Amino acid sequence: SYTIDTVRRLRGWLDAHGGEGVEVRLLIGQDQAEAFDSWRQHETLAAMARPLVFARRSATSKPDGPARLGRGPQSPLAEVVPVGVTDASSSAVRAALAGGTDVCSSEAARMLDPQVLAYIRAAGLYGAPAV
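Source: prediction; values computed, not measured. (Residues numbered from 1 in each chain as written. Predicted model: local features only at pLDDT ≥ 70, side-chain atom pairs only at ≥ 80, totals over all residues. Heavy atoms only, no water.)

Examining the overall build of the protein chain
Assigned secondary structure in the protein chain consists of 6 helices and 4 strands. Here the protein chain, with 131 residues, has 28% of them falling under the buried criterion. The long-range share in the protein chain, meaning contacts at least 24 apart out of those at least 6 apart in sequence, stands at 53%. Approximately 8,500 Å² of the protein chain is accessible, and the part contributed by carbon and sulfur atoms is 55%. (Helix = DSSP H or I, 4+ residues; strand = E, 2+ residues; numbered from the N terminus. Buried < 20%, exposed > 50% of the residue type's maximum accessible area, 1.4 Å probe, protein only. Contact = heavy atoms within 4.5 Å. Areas by Shrake-Rupley, 256 points an atom, 1.4 Å probe, with all protein chains shown as cover.)

Next comes the structure, spelled out in structure tokens:
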């Protein structure tokens, strides 16, 4: 589904369950912020869930300021949160989990938070052997 559809469903659920005053934020990576103007109904989406951009920088660097939501000079700005860089991709994580060997398991452990890895294994996600 499109992100705008998910945010609309979330907003509807919150409003129906006493969460009318709850602010919804959209957490996206810097690469997605640059392409944000190509997202379906991006202006409505930004109004319903203010984007918060995770900057791909070292844990010690500071953000340069707000990020542009799109490529144009008139693109709106979004708040930036610096996060540490992890040398991993979703493809590499899935491949490590699907490998099933001790080497693959240690590679997955290097790329993932221990609680995330435990959850993935408990649920048998991404080809990881269920425990």
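Notes on helix α6 (residues 114–123)
Structural remark: α-helix, 3.6 residues per turn; residues separated by three or four positions point the same way. Where α6 begins, the side chain of Asp-113 points an oxygen toward the backbone nitrogen of Gln-115, at a separation of 2.8 Å. Count one or two residues on from α6 and you reach Gly-124, which has phi positive near 65°. (Polar contact = N/O pair within 3.5 Å; in protein donor to acceptor, adjacent residues only side chain to side chain.)

Section: the environment of Leu-97
With respect to the helices and strands, the residue Leu-97 is situated in helix α4 (residues 90–99). As for Leu-97 and Gly-127, which are separated by 30 residues in sequence, their C-alpha atoms are 6.2 Å apart.

Quick word on the nonpolar core
Counting residues in each nonpolar core, the largest one holds 18 residues, and the members touching the most others are Leu-26, Ile-28, Phe-36, Trp-39, Leu-45, Val-53 and Leu-69. Sorting the residues of this core by element identifies α1 (3–16), β1 (25–29), α3 (42–48), β2 (50–56) and β4 (77–83) as the ones contributing at least two each. It is α1 that contributes the most residues to this core, 3 residues altogether. Among residues more than four places away in sequence, those in contact with Trp-39 are Thr-3, Leu-26, Ile-28, Gln-32 and Leu-45. (Core = buried A, V, L, I, M, F, W, Y, C linked by side-chain atoms within 4.5 Å.)

Description of the packing of aromatic side chains
By convention here, two paired aromatic rings are described through the distance between centres and the angle between planes. Counted under the stated rule, the structure contains 1 aromatic pair. In this structure, Arg-40 packs its charged tip against the face of Tyr-2, placed 3.9 Å from the ring centre. (Phe/Tyr/Trp six-rings, centres within 6.5 Å; stacked < 30°, edge-to-face > 60°. Lys NZ or Arg CZ within 6 Å of the ring centre and 35° of its normal.)

Details of the pattern of salt bridges
Across all of its chains, the model carries 4 salt bridges by this definition. Here Arg-110 and Glu-107 are joined by a salt bridge, their closest N and O atoms 2.9 Å apart. Of this pair, Arg-110 and Glu-107 are both found in helix α5 (residues 102–111), 3 residues apart, which corresponds to roughly one turn of the helix. The class of Arg-110 is partly exposed, set by a relative accessible area of 47%. By relative accessible area, which is 33% here, Glu-107 ends up partly exposed. (Salt bridge = Lys/Arg side-chain N within 4 Å of Asp/Glu carboxyl O.)

What about the side chain of Ser-75?
With respect to the helices and strands, Ser-75 occurs in the loop between β3 (67–68) and β4. With relative accessibility at 10%, the residue Ser-75 sits in the buried group. Here Gly-72 takes part through its backbone oxygen, which lies 2.9 Å from a polar atom of the side chain of Ser-75.

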